[in-house]
Amino acid sequence: MKEERMKKNRNQDREEEKILKERGETAESRDEVLKRRKDMLSALVRDPAYVPMKAKEVAALLNIPREQREELEQVLEAMVAEGSLALSKKGRYARPEIFSVTGTFSGHPKGFGFVTVEGMDQDVFIPAEKTAGAMHGDTVRLVVEHQQKGPRAEGAIVKILEHANGEIIGYYQKSKNFGFVIPDNPKIGKDLFIPQGKDMGAVTGHKVVAKINDYGTAFKNPEGQITEILGHVNDPGTDILSIIRAYGLPEEFPEEVMAQAAQMPEHLSDAVSTEEAYPGRLDLRSLPTVTIDGEDAKDLDDAVTLWKEGDIFHLGVHIADVTHYVQEGSPLDMEAFKRGTSVYLVDRVIPMLPHRLSNGICSLNAGEDRLALSCLMDLDEKGAVIGHQIAETVIRVDRRMTYTAVNAILTDPEAKERQEYQEFVPLFEEMHALSLLIRKRRGSRGAVNFDFPESKIILDEKGRAVDIRPYERNCATRLIEDFMLTANETVAEDYYWQQIPFLYRTHENPDSEKMKQLITFLHNFGYSLKSQQGEVHPKEIQKLLDKAEGSPEEALISRLVLRSMKQAKYTTSCTGHFGLAAKYYCHFTSPIRRYPDLQIHRIIKENLRAGLSEKRMDHYERILPQVAVQTSALERRADEAERETDKMKKCEYMSRFIGEEFDGVISGVTSWGFYVELPNTVEGLVRINQLTDEYYVFDEHAYQLTGEMTRKTYKLGQRIRVMVDSTDRFLKTIDFRPVTEF
């Protein structure tokens, strides 16, 4: 059967050659033969008997003379480009589905992109000419091609399976008879063409929402129409509203959600009897209990208690019992799952739950009875947990404390706060002592402690950035961090050994190739990192950070190490947390603002009350994988939106200082220039074309630019004085110029 099909194809080919000779070599006849050749190849590769072949094998099979093989290769290449054929790493041609894989496309402003494929360790690089018109976020089918350069695989998109963007949010630029929407998201590398009459009267400078009607091609811009005008770019609040829309962040709660929230009580029962008011709950209202948060925090979801008996610390971490009010499958629950997390932007919070819950009955406000889920732990003199109990409780917070006040109590013997909160000073001192023990123990096992400088952007009444103030971690923030981490680990270990379906927070070991690159860089920078075949223990990373502590390059090395590590995520399997050097870890302590915490609270409470039936075990086995995937994705979305608003406001702030000079540190070096970070955490680019004193060459192994004549270098960690040259509020970029040193 196979030989008969092949013979038929060869006869068809000879017939085409005969027709060509009879008609003569005209442009029309040649196009016709090329079309027939293409149709014949399509039929050939879709024949069930066909196996992937190289070009010369196809030519031999079809009896194509040598002088016509170049023509055949052109047809094959054209079919690959249009996606009707796929080319394997070994140069064999077949149907696209034979060699293709499916993934998510991530675009780049310069036109190229990357595709993340489930099960592949690294993303696949897609050159600009091989994106097939895909836009950022699209689900695509691609062929992983032969690696040409570097360690990263390259590929070509052969088909767009699902478009991620139904609309574009951006800056409208009007011409005489048409216009363009320049996307706010730079990863969407194409402007949206707006025909005449479909602009809703928008003018240049408006921020708009535009519906995509035609996604275009690799060589043609997408086309659409404006459906909403958000405001002018100079109007207060329009800039952040544009980011909210661009990332698809929810702005309002649906009516049915607000209706359910309105039914929630403002206060718990005033009944004295715990058994009467709170059946089945431990009454912990008599314990001295405090919350410690930032000054402007309103959703207080964790409180702590501590007392000591001999050498044993009794630590209570009490978490708001949100699931008492947010039942599974209710409008509140479905909306919380849809949001995944609260999003903290510069000028606003987009909460996971309505304020009536997050700032009201679910917030552990001082002086109010509150329902909680508590992790009660006994720790020895080395900070190790030697016993614990997880229980449904009722608590009453005695004092609402701030990080600033507790830090002052613990670090300044003369602080006025010691007098104001004198009855709690011994409690805070005991907490500090336990915190140091926990931190020392965690450090001894190798947990990595990233201590980046953070900042808070201050806005005026019109939403303009007027100041950037440093936000430094102190012993009070570390104290709460230590207690929360301990509770998260304790709960995770408990439920791992019970073999109950659960959500864990996992952090995979770093990619060995990235670790090798990091080790090479550190060696050139004067540091070392021990490894075995690219495998690094977290303790070695912490030793490196300890060595770099206090040096000019400390923050830089910390960021490079962090970028070399994988991103933490939610999973249903307990594979450990590399950064914390923890075998068991979950997110238990913030159910007001994170859905995974709320989800495991539901499991814990159900297990505490009557145990999980086989039916309920099956239920959680079924739903938890999707919860893990969705909440991990929504967390990344929130992180990106928060970074974009910070970049935008930092750019706005620095626009006030055009022409002024600042001292900074080189935080990144590339072939197009180097980045400089200022003490206020603002980062800007010195473009290579601004280095006019020399011709500089980029050394990718040493992360430095070197002058060919003078051998002058610009390298990571180097201190430098720069002048603010320009800012671009749309691209959210800041350009510096190096100050000439005399």
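All residue numbers here refer to positions counted from 1 along the written sequence of the relevant chain. Given that this is a predicted model, residues contribute local features only at a pLDDT of at least 70 and side-chain atom pairs are listed and counted only at 80 or more, while totals for whole chains, interfaces and linings are drawn from all residues. Hydrogens and water molecules were not included; the side-chain quantities draw on all heavy atoms of the structure.

1. So, the sheet that holds strand β29 (residues 696-699)
Strand pairing in a sheet relies on backbone hydrogen bonds. The paired strands run either parallel or antiparallel.
And then number 1: Strand order in the open sheet formed by three strands is β29-β30-β31, with antiparallel pairing between adjacent strands. The sheet is open, and its two edges are formed by β29 and β31 (713-715), each paired on a single side. For this sheet, the mean angle separating the axes of adjacent strands, direction not counted, is 20°.
And then number 2: Alignment of β29 against strand β30 (residues 704-707), held across four bridges, turns out to be antiparallel. The partner of V697 across the bridge, within β30, is T706. At least two bridges found by DSSP between two strands is the condition for calling them paired. Each helix is a run of H or I in the DSSP string that is no shorter than four residues. Each strand is a run of E no shorter than two, and both are numbered from the N terminus. Axes, fitted as lines to C-alpha atoms, cover a helix only where it is in contact. Angles between the N-to-C directions of the axes lie from 0 to 180 degrees.

2. Some details on the sheet that holds strand β32 (residues 719-728)
And then number 1: Overall, mixed pairing links the five strands, which are arranged β26-β27-β28-β33-β32 in a closed barrel. Taking the axes of each pair of neighbouring strands and ignoring which way they run, one obtains an average angle of 50° across the sheet.
And then number 2: In this structure, strand β26 (residues 661-670) lies alongside β32, joined through five bridges in antiparallel fashion. Looking across to β32, one finds that D663 is bridged to R721.

3. Regarding the packing of helix α7 (residues 255-262) against helix α9 (residues 331-339)
And then number 1: Look at α7 against α9: their axes get within 8 Å of each other, and the N-to-C directions meet at 125°. The pairing of α7 with α9 is recorded here as oblique in orientation. Between α7 and α9 the crossing geometry is left-handed. Within the contact between the two elements, α7 uses E256, V257, Q260 and A261 and α9 uses P331, L332 and E335.
And then number 2: Here the nonpolar group is Ala, Val, Leu, Ile, Met, Phe, Trp, Tyr, Cys and Pro; Asp, Glu, Lys and Arg are the charged ones; every other residue, Gly included, is treated as polar. Looking at the contact of α7 with α9 residue by residue, the class counts come to four nonpolar, one polar and two charged. Here the angle decides the label: under 35 degrees means roughly parallel, over 145 means roughly antiparallel, 65 to 115 means roughly perpendicular, and every other value means oblique. Take the far helix as the reference: if the near one is turned anticlockwise from it by less than a right angle, the crossing is left-handed, and if turned clockwise, right-handed. Here, residues are in contact when the closest pair of their heavy atoms is within 4.5 Å.

4. Side note on the pattern of salt bridges
And then number 1: The salt bridge definition used is simple: a Lys or Arg side-chain nitrogen within 4 Å of an Asp or Glu carboxyl oxygen. Summed over all chains, the structure comprises 45 salt bridges.
And then number 2: Across the pair R616 and E328 runs a salt bridge whose closest N-O atoms are separated by 2.9 Å. Separated by 288 residues along the polypeptide, R616 in helix α19 (residues 614-654) and E328 in the loop between β16 (312-320) and α9 bring together distant segments of the chain.
And then number 3: Throughout this description, buried means an accessible area under 20% of the type-specific maximum (1.4 Å probe, protein chains only), exposed means over 50%, and partly exposed covers the range between. For E328, a relative accessible area of 32% corresponds to the partly exposed category.
And then number 4: Residue E661 is joined to R721 by a salt bridge in which the shortest nitrogen-to-oxygen separation is 2.9 Å.

5. What about the confidence of the model for the protein chain?
And then number 1: pLDDT: the predictor's confidence for each residue, scored from 0 to 100. Taken over all residues, the pLDDT of the protein chain has a mean of 86, while the share at 70 or more is 91%.
And then number 2: Every residue in residues 5-10 is under pLDDT 50, and counting partners more than four places away or in other chains gives ten contacts.
And then number 3: The low-confidence segment residues 22-28, where pLDDT is below 50, has four contacts with residues more than four positions distant or belonging to other chains.

6. Thoughts on the packing of helix α18 (residues 595-609) against α19
Two quantities define a packed helix pair, namely the angle between the helix axes and the distance between the axes.
And then number 1: In contact at an axis separation of 11 Å, α18 and α19 are set at 170° when each is read in the N-to-C sense. It follows that α18 is roughly antiparallel to α19 by the angle criterion. Where α18 crosses over α19, the two elements pack in a sense that is left-handed. Residue-level contacts link Y595, P596, Q599, R602, I603 and E606 of α18 to R616, Y620, I623, L624, V627 and T631 of α19.

7. Some points on unusual backbone geometry
Backbone geometry follows two general trends: most residues other than glycine have a negative phi, and most peptide bonds adopt the trans configuration.
And then number 1: The backbone of A132 sits at a positive phi, close to 55°, despite the residue not being glycine.
And then number 2: Mapped onto the elements, A132 comes out in the loop between β5 (124-126) and β6 (139-145).
And then number 3: If you check the backbone angles, M200 has positive phi at about 55° while not being a glycine.
And then number 4: Tracing the backbone shows M200 in the loop between β10 (192-195) and β11 (206-214).
And then number 5: Taking relative accessible area as the criterion, M200 reaches 51% and is therefore assigned exposed.

8. Structural notes on the environment of K35
And then number 1: Inspection of the secondary structure assignment puts K35 in helix α2 (residues 27-45).
And then number 2: As for K35 and V75, which are separated by 40 residues in sequence, their C-alpha atoms are 8.8 Å apart.

9. Examining the pairing of β16
And then number 1: With eight of nine residues buried, β16 is to be regarded as a mostly interior element.
And then number 2: Where strand β15 (residues 302-309) hands over to β16, the hairpin turn is made up of two residues, of which G310 adopts a positive phi near 65°.
And then number 3: Relative to strand β19 (residues 369-379), β16 is paired through eight bridges, and the arrangement is antiparallel. The residue bridging G316 from the neighbouring strand is L376, located in β19.

10. Focus on the packing of aromatic side chains
And then number 1: Two aromatic rings, drawn from Phe, Tyr or Trp (for Trp, its six-membered ring), form a pair once their centres lie within 6.5 Å of each other, and the interplanar angle then sorts them: stacked below 30 degrees, edge-to-face above 60, tilted otherwise. Under the definition given, this model contains 17 aromatic pairs.
And then number 2: Ring geometry for F112 versus F125: centroids 5.5 Å apart, planes at 50°, classification tilted. Taken together, the residues F112 in the loop between β3 (100-107) and β4 (113-116) and F125 in strand β5 connect sequence positions 13 residues apart.
And then number 3: The exposure class assigned to F125 is partly exposed, which follows from its relative accessible area of 22%.
And then number 4: With 5.2 Å between their ring centres and 40° between their planes, F337 and Y595 make a pair best called tilted. Within this pair, whereas F337 is found in helix α9, its partner Y595 is found in helix α18, the two being separated by 258 residues in sequence.
And then number 5: The exposure class of Y595 is buried, given its relative accessible area of 3%.

11. What to know about α19
And then number 1: To estimate how far a helix should extend, the number of its residues minus one is multiplied by 1.5 Å. Here α19 contains 41 residues, and its C-alpha end-to-end distance of 59 Å stays within 8% of the 60 Å for a straight helix at 1.5 Å per residue.
And then number 2: Fitting axes to the seven residues that end at a residue and to the seven that start at it, the angle between those axes gives the bend at that residue. The axis of α19 is deflected most strongly, by about 30°, at I623, and proline P625 appears within four residues downstream.

12. What to know about the nonpolar core
And then number 1: Grouped together as the largest cluster of nonpolar side chains are 84 residues, with contacts concentrated most on F428 and F483.
And then number 2: For this core, the element with the most residues is helix α14 (residues 475-497), which contributes ten residues.
And then number 3: Sequence-distant contacts of F428, defined by excluding residues within four places in its chain, comprise V290, I292, M401, V406, I409, L410 and L479.
And then number 4: Nonpolar cores are built from buried Ala, Val, Leu, Ile, Met, Phe, Trp, Tyr and Cys residues. Side-chain atoms within 4.5 Å join them into one set. Judged by nonpolar contacts, the second largest core, of 43 residues, contains I541, L544, L545 and V676.

13. Examining helix α4 (residues 69-82)
And then number 1: Relative to the 20 Å expected for 14 residues at 1.5 Å per residue, α4 spans 20 Å between its end C-alpha atoms, a close match to the ideal helical length.
And then number 2: Within α4, burial applies to E71, L72, V75, L76, M79 and V80.

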